[in-house]
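# Coordinates in review
In case you want the letters, here they are:
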Amino acid sequence: MVKKGLLERLAEGPVVGDGSYVFNLEKRGYVMAGQWTPEVVIEHPEAVKQLHREFLRAGADILQAYTFFASDDKLNLPGHAAGKITTCKELNERAIDIVRDVAGDADVLISGGVTMTPSYKQGKGKDAVQAEYRKHVEVFMEKDVDFILAEFINHVEEAEWAIEVLKSTGKPVACTMCIGPTGDFKDVPAGECAVRMARAGADVVGLNCQFDPNTGLKTMALMKAALEKEGLSPFLMLQPLGFHCPEVENEHPGYAMLPECPFALEPRLLTRYDANRYARAAYELGVRYIGGCCGFEPHHIRAISEELSPERGGKLGEASSKHIPWGEALKTSTFLQNRMKANQEHWKSVKPASGRPGHPALQPKLMGQ
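Residues numbered from 1 in each chain as written. Predicted model: local features only at pLDDT ≥ 70, side-chain atom pairs only at ≥ 80, totals over all residues. Heavy atoms only, no water.

## Observations concerning the UniProt feature "binding site: Zn(2+)" (unreviewed entry) in the chain
Residues annotated in UniProt with the feature "binding site: Zn(2+)" (unreviewed entry) correspond here to Cys209, Cys293 and Cys294. These residues run over 86 residues, yet every pair of their C-alpha atoms falls within 6.4 Å of each other. The residue Cys293 is located in the loop between β8 (289–290) and α13 (298–307) in this model. We classify Cys293 as buried; its relative accessible area is 12%. Excluding anything up to four places from it in sequence, Cys293 contacts Gly19, Ser20, Asn208, Cys209, Gln239 and Pro240. (UniProt positions renumbered as here; feature names shortened; annotations may be inferred. Helix = DSSP H or I, 4+ residues; strand = E, 2+ residues; numbered from the N terminus. Buried < 20%, exposed > 50% of the residue type's maximum accessible area, 1.4 Å probe, protein only. Contact = heavy atoms within 4.5 Å.)

## Focus on the domain arrangement of the chain
Split by domain assignment, the chain resolves into domain 1 (6–323) and domain 2 (326–368). Taking only C-alpha atoms into account, the centre of domain 1 sits 28 Å from that of domain 2. Contacts between the two partners involve 15 residues from domain 1, matched on the other side by eleven residues from domain 2. Summed over both partners, the interface of domain 1 with domain 2 buries about 1,100 Å², with 68% contributed by carbon and sulfur atoms. If you look at where domain 1 meets domain 2, you find zero salt bridges. The interface formed by domain 1 and domain 2 contains three residue pairs in polar contact (both at pLDDT 80 or more). Of the residues assigned to the side of domain 1 that touches domain 2, the class counts are eight nonpolar, two polar and five charged. (Domains from an automatic or database assignment. Buried area = accessible area lost by both parts, 1.4 Å probe. Salt bridge = Lys/Arg side-chain N within 4 Å of Asp/Glu carboxyl O. Polar contact = N/O pair within 3.5 Å; in protein donor to acceptor, adjacent residues only side chain to side chain. Nonpolar A, V, L, I, M, F, W, Y, C, P; charged D, E, K, R; others polar.)

## Some points on the sheet that holds strand β6 (residues 204–208)
If you trace the eight strands from one edge of the open sheet to the other, you get β1-β8-β7-β6-β5-β4-β3-β2, paired in parallel fashion. Two strands in the sheet have a free side with no partner beyond their single neighbour: β1 (15–16) and β2 (62–64). Two strands pair when backbone bridges link them, and β6 and strand β7 (residues 235–239) are joined in this way by five bridges, in the parallel orientation. Looking at the pairing, Val204 lines up with Phe235 of β7. Lying over the sheet, helix α8 (residues 126–143) contacts β3 (109–114) and β4 (147–153), oriented at roughly 160° with respect to β3. (Pairing = 2+ DSSP bridges. Axes fitted to C-alpha atoms, helices over the stretch in contact; angles between N-to-C directions.)

## Some words on the side chain of Ser71
Relative to the elements of secondary structure, Ser71 occurs in the loop between β2 and α5 (72–75). Setting aside anything within four residues of it in sequence, one finds Ser71 in contact with Cys88, Thr117, Pro118, Glu132 and His136.

## What about the nonpolar core?
If you look at the biggest cluster of nonpolar residues, it comprises 99 residues, and the most contacted ones within it are Leu25, Tyr66, Met197, Tyr255 and Ile304. For Met197, the residues in contact, after removing those within four places along its chain, are Val156, Ala159, Ile163, Cys175, Met177, Ala202, Val205, Gly206 and Met223. Listed in part, the eleven residues of the second largest apolar core include Ile62, Leu109, Leu149 and Ala174. (Core = buried A, V, L, I, M, F, W, Y, C linked by side-chain atoms within 4.5 Å.)

Listed below in structure tokens is the structure:
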């Protein structure tokens, strides 16, 4: 079977991304918080395979090789254990082998990814930063991934440097920044960031992480308007947090400023119906690559897949065979109280409580303030 490429799929309609690897694998006991490096692909490859399988069954059209924070300069930072046992090259090779084994003959695309580098933050300059990216790219080309993603970058200058390297491969390039409406960490406006990414050569531009879906949609609207004003038309991509965090909308660090980040965020987790609403709003805004980042679990991706199924020719993931949207499965419950909830009206109107008396609805004070 000859698979359609990323850009062809995006031209035809929405593409469903996958969800969080870092947070899900940390919760499952395979990733060290703080360092967030992906040596799990060597230590426990079966754990990564299982999460890939779950996203694939949920309906994802894309599986990202778990190469997040795999650059050599990151692996070898002081206090990081990963650099003692592996390298960027080995991590990338193993990660792609793992995801390809899971993908098999499925109609799913595989992406290789790069992230922000410590070399940029340390002021080592363009050559040093791009040298780190080239180490990734060499493996991506050798393993022939379907496209390459630069993500979780908070300075548009570094995004431009990354795009320049990735474009040299001739493969489709997507780039997402972890910024909100106030722009990047040097206060470059969000709209200008989008324009600069597109002019650097990115085929797909957008956002990931740090902010929730509502903030992400607001920022995407700013980016879309700026792109249209300049006559640029890359595809748009959004992979926000799976947590509600409106307090940090105008803070550059995003959810890192919440006192409960990263170990007590569960009360803020999106429901599957929040994921439905997010997917529909993103599609109506013109976003065509729609997925999730930290906090997004397989059931969230299933919700996106189901919400956008009409726009995707009725396509659904295997996991939807065990799910009837909007609570309809509860009609067969032996409990009357559950049968009363077996309708769309209930789940569209319900306002989930946290069940935590004495806890604030929003944090009155953020970290560092």
